[in-house]
Amino acid sequence: MKKKGVLLVVCLVIVGALAVNPTLASQVGQIFQDVSASIGSLFGKPVADTEGLLDVQLCYFKADEDKGALVEIAANDPSQLMIPAAYRDDYGWETVPVRLNGEVYPLFDREKVSGVVDKFVSVRNAGEETAYFRVAFAIEKTDVVQRLMHFTFSGDTEAFEISGWKDVKIDGRDYQMIVYSYKEALEKGQVSPPMLLQAVMQKEATSQDLAGLRSDFLQVKVMSIQADVFKEEQVIDGEKVQVQLSAMEALDMAVPIRSDFNPF
């Protein structure tokens, strides 16, 4: 019987330009580990999903604070245009708790600052296979970004295991990276809680600053694996059975976050 390959998919999104590249099949071997040593007798080597069975996609939302809801928007929604904000000089970029869809998020105070861009980034399972996933966010460490840009991220540790910030290189340029690992299985049609929430640019930004802001100053990479193949053999009541691995067990096996981890 032919071994079934472990379906893997990588999707790179340049959030600054909101342009989505197709599945980067060529990077499967660079990012994902060969898990056949661990689940080997059952499955073959990791393979890129060429049939769209494992299809996770980034989706975007903005806050309707009056209705206490998140509203889905297109990647090229006009509200995503970033311009210098307006606020009083004594505004300290503090956040306030805002309840949306029954959950509380730390958001910039819209009563004190205008020009905030909602970039609520979630993952949707648009495929047929149940998925486990990790998402890496990378923010460029240029003077313009570090001096003038502010971001809010979710601190939802019930839904995600969240790494600390780490310095990485992308195409020879300096970035800071944070990784969100979803602790549950994302079923067909489901949408994960958001991770990145908002971005805002200080009012001091000049035309020269904007000209120096590259479109890929904020990058996101989704790494997902086919969940239901990650099982281990256990003996229960004297019988050998296949037991499903948890999301974190499977992700740590297939996409381990080591000291040199850099999926970009």
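Model, not experiment: these values are computed from the prediction.

**Focus on the overall build of the chain**
A count of helices and strands for the chain gives 5 helices and 20 strands. Burial status across the chain gives 49% buried among its 264 residues. Of the contacts formed within the chain by residues at least 6 apart in sequence, a portion of 75% connects residues at least 24 apart. Looking at the chain as shown, the accessible area adds up to about 13,000 Å², and 47% of this sits on carbon and sulfur atoms.

**A few points about the sheet that holds strand E13 (residues 149–153)**
With respect to topology, 3 strands assemble into an open sheet ordered E10-E17-E13, the strand pairing being antiparallel. Every other strand in the sheet has two partners, leaving strand E10 (117–118) and E13 as the edge strands with one partner each.

**Here's the deal with the pairing of strand E4 (residues 56–64)**
Direction of pairing for E4 relative to strand E11 (residues 120–125): antiparallel, over a ladder of 6 bridges. Considered in E11, the bridge of Tyr-60 is made with Val-121. Across 5 bridges, the pairing between E4 and strand E5 (residues 69–73) is antiparallel. Bridge pairing in E5 links Ala-63 to Leu-70.

**Digging into the pattern of salt bridges**
Counted according to the given criterion, the structure contains 15 salt bridges. The salt bridge involving Arg-147 is made with Asp-209; its shortest N-O contact spans 3.2 Å. In this pair, Arg-147 is assigned in helix H3 (residues 143–148) and Asp-209 in helix H4 (residues 207–211), connecting sequence segments 62 residues apart. Between Arg-173 and Asp-216 there is a salt bridge, with the nearest N and O atoms lying 2.8 Å from each other. Linking Arg-173 in strand E16 (residues 173–182) with Asp-216 in the loop between H4 and strand E18 (218–226), this pair joins segments that are 43 residues apart in sequence. Classification of Asp-216 by relative accessible area gives buried; the value is 14%.

**Points about helix H5 (residues 247–254)**
Along H5, the positions that sit buried rather than exposed are Ala-247, Met-248, Ala-250, Leu-251 and Ala-254. Mapping the buried residues of H5 onto a view down its axis gives an arc of 160°, with all of them on the same face.

**Describing the packing of aromatic side chains**
Using the criterion set out here, one finds 13 aromatic pairs in the structure. On the basis of an interplanar angle of 80° and a centroid distance of 5.5 Å, the ring pair of Phe-153 and Trp-165 is categorised as edge-to-face. Here Phe-153 is found in strand E13, whereas its partner Trp-165 is found in the loop between strand E14 (160–162) and strand E15 (166–170), with 12 residues between them in sequence. Overall, Phe-153 belongs to the buried group, its relative accessible area being 15%.

**Describing the nonpolar core**
Formed by 36 residues in total, the largest nonpolar core has its most connected members in Val-123, Val-135, Phe-137, Phe-151 and Phe-153. Contributing elements (two or more residues each) for this core: E4, E11, strand E12 (131–140), H3, E13, E16, strand E17 (196–201) and E18. Discounting residues that sit within four places of it in the chain, Val-123 has contacts with Val-56, Gln-57, Leu-58, Cys-59, Phe-133, Val-135, Leu-186, Gln-190, Val-191, Ser-192 and Met-195.

**Some remarks on the side chain of Asp-209**
Overall, the relative accessible area of 12% leaves Asp-209 in the buried class. Here the side chain of Asp-209 touches Arg-147 through a polar contact of 3.2 Å, side chain to side chain. The residues touching Asp-209, leaving out its near neighbours within four places in the chain, are Val-144, Arg-147, Leu-148 and Glu-204.

Cut-offs applied
Residues take numbers from 1 onward in each chain, read along the sequence in its written order. Selection of residues for local features in this predicted model requires a pLDDT of at least 70, selection of side-chain atom pairs for listing and counting requires 80 or more, and totals for whole chains, interfaces and linings are taken over all residues. To obtain the side-chain values, all non-hydrogen atoms of the structure were used and water was disregarded. Strands are runs of DSSP state E lasting at least two residues, helices are runs of H or I lasting at least four, and both sets are numbered from the N terminus onward. Type-normalised accessible area, obtained with a 1.4 Å probe on protein chains alone, sets the label of each residue: buried when under 20%, exposed when over 50%, and partly exposed for intermediate values. Residue contacts are counted whenever heavy atoms from the two residues lie within 4.5 Å of one another. Computed by Shrake-Rupley with a 1.4 Å probe, the accessible areas treat only the displayed protein chains as cover when residues are assessed. Strand pairing is defined by DSSP finding a minimum of two bridges between the two strands. Salt bridges, as used here, are contacts in which a Lys or Arg side-chain nitrogen is within 4 Å of a carboxyl oxygen on Asp or Glu. Along the arc lie the directions from the helix axis toward the C-beta atoms. For Phe, Tyr and Trp, rings pair up if their centres lie within 6.5 Å, where Trp contributes its six-membered ring, and each pair is then called stacked (planes under 30 degrees apart), edge-to-face (over 60) or tilted (otherwise). What is meant by a nonpolar core is a set of buried Ala, Val, Leu, Ile, Met, Phe, Trp, Tyr and Cys residues, joined one to another through side-chain atoms within 4.5 Å. In protein, a polar contact requires one atom able to donate a hydrogen and another able to accept it; more generally it is a pair of N or O atoms within 3.5 Å, and residues adjacent in sequence count only if both atoms are side-chain atoms.

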